[in-house]
Structure formats: C-alpha cells, structure tokens
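Summary of the model geometry
Residues per chain, in single letters:
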Amino acid sequence: MKCIWIVSLGLCLGLFAVQCQAKTKETLEVQKIAPGLYFHFGHHELPNRDNHGAIANIGFVVGKECVAVLDSGGNPQQGLLLKNTIEKITDVPICYVINSHVHPDHIFGNRSFKGRGVQFIGHKNLARAMQARGGFYLQRSEEQLGVKLAPKDIVLPDIEVTDSLTLDLGHRLLTVTAHGSAHTDNDLSVLDKNSQTLWLSDLLFVEHLPVIDGSLKGWLRELKALSALKVRRVVPGHGPVMGDWPAALKPQEDYLTMLLKEVRSMIRQGKFIEQAIAEVGQMATGRWALFDAFHKKNITLVFAELEWED
Amino acid sequence: MKMVRVIVSFLAMFFVNAVSAGVDDTVWKNELKTQFFADRSISETENIIAIEAPYRAEDAALVPIRITSKINQTNDKYIKKITLIVDKNPTPFAAEFNFTPLSGKADVAMRLRINSYSYVRAIAEMNDGQLIMAKKFVKASGGCSAPIGADLDAAMKRLGRMKFKLSGTAQSNEPNLAQLLISHPNITGMQMDQVTRFIRPAYYVEEVKVTFDGQPVLTAKTDIAISADPNFRFYFVPQSSGDLRAEVSDTDGNTFSQTYRVEP
C-alpha cells in the first residue's frame, strides 16, 4: 500500500515535471479563424520591456504541402513560440515567412524561422527599409524591448514582391500583394483564397489608433482599392478579426480623412507644423486606444507630406 | 533562476534609465563644449535667445525646433551666428546659421532628427564675440519611431524642389517671416554593412544661402540632424520690392535654387 502511494506520488511528480517542461517550452495562444488559418491576438500596448515588443497580430496558414507564416513576431522568443505552435498543430513544413512590413513587432521573430527550406518574403522596398532602420532598431532594442537584438535578427527577404505573387501551399493559394506607400512604404497584404480571408496586417487598425509611417494619401488610395474586394473576413495588424468588409474599415477611414482635411486646411491658412500638432483632431481621442502615443506623430507626418501638395 | 532573471532585468532597467533618462550635461561639458568653442566662456543669460522644443518628440524623425531672439538686429548689436547642437546624436552638430543686420530678427525654426533623450542647445554668437546659450531637453519617443523619413521614393521624386512661403503680405522696412521648403531626402549614412546588400552613403543638404536682392539674409551650414525635406523659417527686411533667393547645395555637389518676388 505504502509502495503504491510512493509510486503514484512519483508518477504524479514525474507527470508534473513533464507538464512543467512542456509549459516552459511553450507555445503561443492561437485561434483557428478558418480551417488551416490561425491567428494570435496582439494586445493594444506600446512595445516595452514587459511585452518585449510582442504586440502585433501574427499567424499562419497551413496548406497540404507548406505552411506560410504571416509575420514572425516582435522578438526571437515570440518567433520561437509561434514556430513551436505550428509544429504542434501540423507536420506540414514551414516554407515561407511573409513579413508584412518593416516594423519591429512584425519582423523580429524572423531569426527563429531561419533554416533550410524556409524563404522570407517581403515588399520590394522591405530590404531598403530594413537597411535604413535596422541599425537603429538593433541599437535601441535592449533599452526599449529588454531584448538584445543583433545583426542576425535582421533577415532580408529572399523573395521580393513588386506587384503580386501567388504562393501555392498545396491545395491552397495565397495571393501576396505589394502596395504603394501607405502605412509604410513597404506594405504587403495576403489573400487566402480558400477561406476568403484578407490578411491586411497594419494596412488596417481596429481599436488601436492607425499609425502613419508612409503616406496618408497613398494609404487612402490603397484602402479604396482594397475595400472593393469581396472577402469573408479581414485580419488587422492590431485589433480583432473583422467579418464585415468593408464596413470594418469605416473608423480608420474616417480618422485618416479627418487628418487629410484638417491638416490640409491649416497648411492653406499658412499655419505651421507646431500649430497643427497642437490643434488637429483632438476630439477623436476617446475613440482609439493609444491615441496619445501616436496621434501627434501622425499629424507631423501628414503635415510634412501635404505641404508639398501644391 | 527566475529570481535571478528578475533581479538582472531590474538592474538592467535601472541602468538604462540612469543612462538614458538622465537630464545630463556630461557629453557637452566633457567633449562638445571644447570641441566647438574651445575655452571661450558661454553665458546662459535669458535676454538674448530662447529655444522652443517639445519635451517629448512625437516623431523622432521630425522634431520642430524654434529659436527666437529677444533683440532686433541692428548694425551696432546683432546676433552673428547661432550654432545648434544635439548632444546625444551620432553627429551632434546639427546646423550653424549666420545672420546679418538685414535679417531683422535672428529667429530660425527648423525640424530635427533626435536619436535619443538629449539636450538640444543653441549657442548665439554676438557681433562682439560674446557667446550666449539656450537649451531644452527633449525625450525622443520610442516604439517604431526611427529618425528616418517615411516615404523615400516620394522624397527622391521631389528632390531639389523648393518653395518660399511668406506669412501675409510683405511689409517694407520691417522683419517679415519667410519659410523655405527644400525637398531633399537627407539620407543618413548610418547603415550597418552586416545587414545590407547596398550601402547608401550619407546624402544631405550641407549649405543653404538666402539673399534678398543679392544681400545675405541667412546662411546655414547644415548636417544630417536636419530632417528630410529641410524646412526653415526666418526673417528678412525688404526696403522695397526685390528677389528673395535661395541657393542650396548637397553633399553630392548638386545645387538647387529658387527665387521669389517680394512686393511690399
């Protein structure tokens, strides 16, 4: 009897240890939003030393022969967890890592996917943007993310997309589209035909204030074209998956259009950038997460873009 | 193990905060002051110039900075030169502005790249050689904000375009505020070769000369800390109608010019 107790206790401890180990090896919490399409929700936070930059929506698509990763995460550890998650869910090998654009919360999991048979895909301008910003991102990574990133964390694309590209994952086609300057000057969107899902990444923000780091007018132009697509759902780079397209675009479109009108009008009145930063669009504040973090930066960029209009 | 990590990260945080958030003058005191002004004395009296800058830089690539003078430029007493320095930038020297009595007021506003938490300082040199400094501490914001222009193709396409803008109708014999917009990508040369397929050396506007009817109003030597599409606001005093003219040259030896007819 005593013996059984000891054995079962041992078993329990053993099991506990295994569980613990499995837990520390860890996967990422993902939702299946359609057959073979998985999504990890990023919370509305600024990148910091607690979240280590893991704040964006990331995910993957599973075909019969290949898996394509949709953004690798905000740091190598998150990339590793995403990779563990994929390997737990399927035996299909990872063939592609698609980087939707240059921002750190979307590309710094790249390193964890490097290996034979994996190709990195980016906009034709992605390598240039990585080159221009990479040094700065690395230099500030420890201070801002609490993660020491190194040059090997900048993984340049193997395949550059100029217009669009079709990836065959095996009975599953993805259309990768390179956009004109919008959220950044190197944005990609991905259409999964099987599930009729449009992965917009940061071309769409839901709840989280849209962040302009490319061109306001360009972004509105791209959104107009995208809104004509008939899809079942869209996945933003920040915020929940949305079913109602293009209605899901409305708040972002309203905000961007407001910026366009108000900043343009201030420029025409001969006002300066400092005035625009202080005055434009403050009433939109309660409607968005992280408004204070990005609104004034948006005005700054928009002003610098629009003052060349005429 | 976890405890150790917590302690380590706590220490790391403390260390980083101590280094980056400290409103400190060390780089200035230990290096820059001597480098730029040798052993000349610099006062910080507040009756000559002031500097305005946001405490938090919303966009590290484009921080509006304004220097205002508290005296009018006269032949007897005027600000001859203002040197602008960003302590913690890779290249601290941002710009040097030379004024004349014809400038009316030695005010100048521009946009800067600020790489990290840093003092931005303006040192005015009077016509009698006196040096007076004003400074502001700026926190460059974090996140994906890199001190790089957003849309490089658009900037390259416009390269060399320039515009003058005047506030209202020009008034003769008094200082008029003018704005000069120069389209230039002002690319930094700080790329890391480990990650690049191609290296673009620094390429930026290095000299701006503004004249009114051939007489110098503002002459600036500028460096990489000036944001893409350099933008300057300054004063000039027209006696009568004439041409406001800008001549700009960059590090590749390109020159651009623009003329604007002023009819007070």
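Use the structure listed above.
The text that follows walks through the structure, step by step, so that each part is easy to find. If you're wondering where the values come from, they're calculated on a predicted model, not measured in any experiment. (Residues numbered from 1 in each chain as written. Chains lettered and ligands numbered in written order. Predicted model: local features only at pLDDT ≥ 70, side-chain atom pairs only at ≥ 80, totals over all residues. Heavy atoms only, no water.)

Let us now look at the overall build of chain A. Across its full length, chain A carries eight helices and 12 strands. At 22 Å, chain A has a C-alpha radius of gyration in line with the 19 Å of a compact globule built from 310 residues. With respect to the principal axes defined by its C-alpha atoms, chain A has extents near 90 × 40 × 40 Å. Considering only intrachain contacts with a sequence separation of at least 6, the fraction spanning at least 24 residues in chain A is 67%. Roughly 13,200 Å² of accessible area belongs to chain A as shown, and the carbon and sulfur atoms make up 56% of that amount. (Helix = DSSP H or I, 4+ residues; strand = E, 2+ residues; numbered from the N terminus. Rg over C-alpha atoms; globule rule 2.2 N^0.38 Å. Contact = heavy atoms within 4.5 Å. Areas by Shrake-Rupley, 256 points an atom, 1.4 Å probe, with all protein chains shown as cover.)

This brings us to the packing of helix α5 (residues 216-227) of chain A against helix α6 (residues 250-268) of chain A. The geometry of a pair of packed helices is captured by two quantities: the angle between their axes and the separation between those axes. All names here are of chain A. Orientation of α5 relative to α6, taken along the N-to-C sense of each, is 145 degrees, at an axis distance of 10 Å. Handedness of the α5/α6 crossing: left-handed. Touching Leu216, Lys217, Trp219, Leu220 and Leu223 of α5 are Gln252, Glu253, Leu256, Thr257, Leu259, Leu260 and Arg264, all from α6. Among the residues making up the contact of α5 with α6, the classes are represented as seven nonpolar, two polar and three charged. (Axes fitted to C-alpha atoms, helices over the stretch in contact; angles between N-to-C directions. Left-handed = near helix turned anticlockwise from the far one by under 90°. Nonpolar A, V, L, I, M, F, W, Y, C, P; charged D, E, K, R; others polar.)

Turning our attention to the state of the cysteines. All names here are of chain A. Counted under the stated rule, the structure contains one disulfide over all chains. The disulfide partner of cysteine 66 is cysteine 95, and the S-S distance across this bridge is 2.0 Å. Disulfide cysteine 66-cysteine 95: the torsion about the S-S bond is -80 degrees, which places it as left-handed. With cysteine 66 in the loop between β3 (58-62) and β4 (67-70) and cysteine 95 in strand β5 (residues 94-98), this residue pair connects regions lying 29 residues apart in the sequence. (Disulfide = S-S within 2.5 Å.)

This part takes up the nonpolar core. Ile79, Leu84, Phe97, Met110, Leu112 and Val210 of chain B are the most contacted members of the largest nonpolar core, which totals 55 residues. In this view, isoleucine 79 of chain B contacts Ile48, Ile49, Ser69, Ile71, Gln73, Phe99, Ala106, Ala124, Glu125 and Met126 of chain B; residues no more than four positions away in its chain are not counted. Grouped together as the second largest cluster of nonpolar side chains are 44 residues, Ala182, Phe205, Leu220 and Leu260 of chain A included. (Core = buried A, V, L, I, M, F, W, Y, C linked by side-chain atoms within 4.5 Å. Buried < 20%, exposed > 50% of the residue type's maximum accessible area, 1.4 Å probe, protein only.)

Residues and elements named next belong to chain A. Sheet architecture is open: five strands sit in the order β8-β9-β10-β11-β12, paired in mixed fashion. The strands lining the two open edges of the sheet, one partner per strand, are β8 (164-168) and β12 (233-238). Taken pair by pair, the neighbouring strands of this sheet meet at an average axis angle of 25 degrees, ignoring direction. Here α5 sits on the sheet and contacts β10 (188-192) and β11 (197-205); the angle it forms with β11, its principal contact strand, is near 160 degrees. (Pairing = 2+ DSSP bridges.)

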